[in-house]
Amino acid sequence: MNTLFRGAVVALIATTFAAISLSAHAVDEPSVERGRYLVQIAGCNDCHTAGYATSNGQTPESEWLYGDLLGWRGGWGTTYAANLRLSLSRMTEEQWVVFARNLQSRPPMPSFSLNAMTETDLKSLYRFVRQLEPLGEPAPSYVPPDQEPNPPYVTFPAGPPAE
Ligand code: HEC
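Residues numbered from 1 in each chain as written. Predicted model: local features only at pLDDT ≥ 70, side-chain atom pairs only at ≥ 80, totals over all residues.

## Comments concerning the sheet that holds strand E3 (residues 153–155)
What counts here: In short, DSSP must find at least two bridges between two strands for them to pair. Every helix listed is a DSSP run of H or I at least four residues long, and every strand listed is a run of E at least two residues long, numbered separately from the N terminus. In this description, a line fitted to the C-alpha atoms serves as the axis of each element, helices being fitted only across the stretch in contact, and the angle between N-to-C directions of two axes falls anywhere from 0 to 180 degrees.
Strands sit in the order E2-E1-E3 across an open sheet of three strands; the sheet is mixed. Because the sheet does not close on itself, it has two edges, and the strands there are strand E2 (77–80) and E3. Taken pair by pair, the neighbouring strands of this sheet meet at an average axis angle of 25 degrees, ignoring direction. One ladder, built from four bridges, connects strand E1 (residues 71–74) with E2; its direction is antiparallel. Its bridge partner lying in E2, Arg73 is registered against Thr78.

## Considering the environment of Asp46
Basically, it comes down to this: Placing C-beta atoms from the backbone, we regard two residues as in contact once those atoms come within 7 Å.
Following the sequence through the fold, Asp46 ends up in helix H3 (residues 44–48). Beyond its immediate stretch of four places on either side in the chain, Asp46 contacts Tyr52 and Ala53.

Here's what the structure looks like:
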């Protein structure tokens, strides 16, 4: 092998290892950017940001995750998507990971999606939500199935009964 060729091979190997360690780093480390991405693709805004779904996702980030007054009514009663800025501001990152892993909510909250997230993704979600200001009002309280909620609410045709 001549020296020039050997040098090129070494450089190629070094670049490959640098690329591998860079991508491993990107996946392993929690980040605000990944949290923002997860909030967008996992549908959190669809329910936890008023008007997000009906505006085709045009709501600016400064208005994300304040919760919503829209009720979700079914066999379980009527639920309201929480103000996540306030919810997460009451927990440390470690508490959030345990909370999210064990969360069992009433419909239509997909708590099974949160339960399945990796620790890195949960921490990324936390870091993104925590750098939004912890402002706004708490969402309305849960209304049991035998009580009439205040409008507006969406009615599901069926659903599991309240526990
Ligand atoms: C289809 C609507 C919907 C989607 C999508 C949704 N949520 Fe929810 N979420 C709700 C509702 C409704 C509740 C209240 C459930 C209850 O009262 O049991 C809730 C509750 C929660 C809670 C509990 C809050 C507290 O203070 O107890 C957390 C945390 C949460 N959601 C996070 C998320 C995250 C993160 C995402 C995205 C991965 C998400 N939600 C997607 C509707 C939704």
